[in-house]
Amino acid sequence: MSIDEIKISRAIVDSYFKKLMSNLEVDVAIVGAGPSGLTCAYYLAKRNIKVAVFERKLSVGGGMWGGGIMFNEIVVQTKAKEILDEFGVRTRRFEGEYFLADSVESVCALADKAIKAGAKIFNLLSVEDVMIRTGRVTGLVLNWSAVEIAKLHVDPITIRSKFVVDATGHAAEVARVLEKKTNVKLKTKTGKTVGETSMWAEMAEDTIVKNSKEFYPGVYSSGMASNAVFGGPRMGPIFGGMLLAGRKVASDLIKRLK
Ligand code: 48H
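The notes below deal with the structure included here. Because the structure is predicted, anything quoted here is derived from the model rather than measured.

The next subject is the overall build of the protein. Across its full length, the protein holds nine helices and 13 strands. For the protein, the spread of C-alpha atoms along the principal axes amounts to about 55 × 55 × 40 Å. Split into buried and exposed, the 258 residues of the protein put 50% on the buried side. Contacts spanning at least 24 positions in sequence make up 66% of the contacts within the protein whose residues lie at least 6 apart. Working note: accessible area of the protein is about 13100 Å², and carbon and sulfur atoms make up 58% of it. Taken as two groups, the 37 positive and 28 negative side-chain charges of the protein have centres that lie 6 Å from each other.

Given below as structure tokens:
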């Protein structure tokens, strides 16, 4: 077989453009491919919901790779272990209700299952804004992360979605941009993003799931972003709440999309 460089280029360009074109209108657009975004994407795609995930970085997985202080092990509690089981991640009991998993295996499995279930992941794309129509978010404004990093003056493109999920972690970037640019009232106790509070793992693992819900018509928060939006503590390197939050948001959206 002769290998032609132009054929390789044509294959990549053609395939990527088809993928992007077919995801300009989706049911759910997830911002952030960390553990909660990937889990949410998997459970949605598994139910044949059209879902696209937009991730700023080259790699998916968000803060999961590094476990705690770069010791690449994560801890989950019993009720989240069943999610890792579903993803085929091997866990080991540490003590009682505490289970350990390899963080690299966990990220790889979350991404693999989400993609195989049908979710499309677009890395290297940053969400810089949202689209709003009559009191509802109707899509995302996207630009290449390289444009953002180089601070180039290049206009973005848009995608339309029935729902958006803010799975951007501590920064809660979708909520922040909404608040900053539109001054709308969020469904929080202050009408604004309330902000994350200091470490309290037990409380955080509970509130993170409860707070993973709609915060403005058409937009849900999932995972760490939820405690930034609704107010709640951080939890350190226990990742069960991220998985449970992603599954909870997917389950709420499945009901809404029916
Ligand atoms: C595109 C974006 C944008 C944007 C951000 O931080 P993450 O891992 O988020 P979660 O909620 O899935 O998991 C949180 C967990 O990793 C964590 O930080 C914990 C448990 N902390 C506890 C503690 O006490 O510190 O992933 C978010 C992803 C990242 O990959 C970002 O690059 C991406 O979102 N992202 N992608 N456009 N505007 N903003």
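Now that the structure is up, let's keep going.
Attention now goes to the nonpolar core. Grouped together as the largest cluster of nonpolar side chains are 49 residues, with contacts concentrated most on Val28, Ile30, Leu44, Val51, Phe87, Val165 and Leu253. Counting 29 residues, the second-largest nonpolar core is a separate cluster that includes Ala29, Val31, Phe122 and Leu140.

The next subject is the pattern of salt bridges. A pair can form between side chains of opposite charge whenever their charged atoms are brought close. Tallied over the entire structure, the rule returns 16 salt bridges. Here arginine 160 and glutamate 25 are joined by a salt bridge, their closest N and O atoms 3.0 Å apart. Here glutamate 25 lies in strand E1 (residues 25-31) and arginine 160 lies in strand E9 (residues 157-166), a separation of 135 residues in the sequence. Judged by its relative accessible area of 48%, arginine 160 falls in the partly exposed class.

For helix H2 (residues 35-46), built from 12 residues, the straight-helix expectation of 16 Å at 1.5 Å per residue is met to within 8% by its first-to-last C-alpha distance of 16 Å. Most of H2 is tucked away: 11 of the 12 residues are buried. Looking only at H2, the buried set comprises Pro35, Ser36, Gly37, Leu38, Thr39, Cys40, Ala41, Tyr42, Tyr43, Leu44 and Ala45. A positive phi of about 65 degrees marks asparagine 48, the residue just after H2.

Here the focus is the side chain of threonine 39. Summarising the element assignment, threonine 39 is placed in helix H2. Judged by its relative accessible area of 0%, threonine 39 is buried. Of the polar contacts made by the side chain of threonine 39, one reaches the backbone oxygen of proline 35; its length is 2.6 Å. If we skip the residues at most four places from it in the chain, threonine 39 touches Ile83, Phe87, Leu110, Leu243, Gly246 and Arg247.

Time to look at the site of the ligand. Taken together, 27 residues sit near the ligand, with Glu55, Gly63, Glu173, Arg234 and Gly236 positioned nearest. For the ligand, an oxygen atom lies 2.7 Å from a polar atom in the side chain of glutamate 55. Separating an oxygen atom of the ligand from a backbone N or O atom of glycine 236 is a distance of 2.8 Å. For the ligand, the protein covers 92% of the area, taking 800 Å² as the surface of the free molecule. Elements with a minimum of two residues in the shell around the ligand: H2, strand E2 (51-55) and strand E7 (125-133). Take the shell around the ligand: its biggest share by element is three residues, from E7. In terms of residue class, the shell around the ligand is made up of 11 nonpolar, 11 polar and five charged.

This brings us to the packing of aromatic side chains. Under the defined criterion, the tally for this structure stands at eight aromatic pairs. A centroid spacing of 6.1 Å and a plane angle of 85 degrees characterise the contact between tyrosine 16 and phenylalanine 122, whose relative ring orientation is edge-to-face. Placement of tyrosine 16 in helix H1 (residues 5-21) and of phenylalanine 122 in strand E6 (residues 120-123) is noted, with a sequence separation of 106 residues between them. Between tyrosine 42 and phenylalanine 87, the ring centres sit 4.5 Å apart and the planes meet at 55 degrees, which makes this aromatic pair tilted. Taken together, the positions of tyrosine 42 in helix H2 and phenylalanine 87 in the loop between helix H3 (78-86) and strand E4 (91-95) put the pair 45 residues apart, joining distant regions of the chain. Among the aromatic side chains, those forming a connected cluster through ring pairs are Tyr16, Phe17, Phe54, Phe122 and Trp144. Stacked on the ring of phenylalanine 99, the Lys or Arg lysine 81 has its end atom at 5.5 Å from the ring centre. Positioned above the aromatic ring of phenylalanine 163 is the side chain of arginine 136, whose terminal nitrogen or guanidinium carbon lies 4.9 Å from the ring centre.

Cut-offs used in this document
- Residues numbered from 1 in each chain as written.
- Predicted model: local features only at pLDDT ≥ 70, side-chain atom pairs only at ≥ 80, totals over all residues.
- Heavy atoms only, no water.
- Helix = DSSP H or I, 4+ residues; strand = E, 2+ residues; numbered from the N terminus.
- Buried < 20%, exposed > 50% of the residue type's maximum accessible area, 1.4 Å probe, protein only.
- Contact = heavy atoms within 4.5 Å.
- Areas by Shrake-Rupley, 256 points an atom, 1.4 Å probe, with all protein chains shown as cover.
- Lys, Arg positive; Asp, Glu negative; His and termini not counted.
- Charge placed at Lys NZ, Arg CZ, Asp CG, Glu CD.
- Core = buried A, V, L, I, M, F, W, Y, C linked by side-chain atoms within 4.5 Å.
- Salt bridge = Lys/Arg side-chain N within 4 Å of Asp/Glu carboxyl O.
- Expected span 1.5 Å × (residues − 1).
- Polar contact = N/O pair within 3.5 Å; in protein donor to acceptor, adjacent residues only side chain to side chain.
- Near = heavy atom within 4 Å.
- Nonpolar A, V, L, I, M, F, W, Y, C, P; charged D, E, K, R; others polar.
- Phe/Tyr/Trp six-rings, centres within 6.5 Å; stacked < 30°, edge-to-face > 60°.
- Lys NZ or Arg CZ within 6 Å of the ring centre and 35° of its normal.

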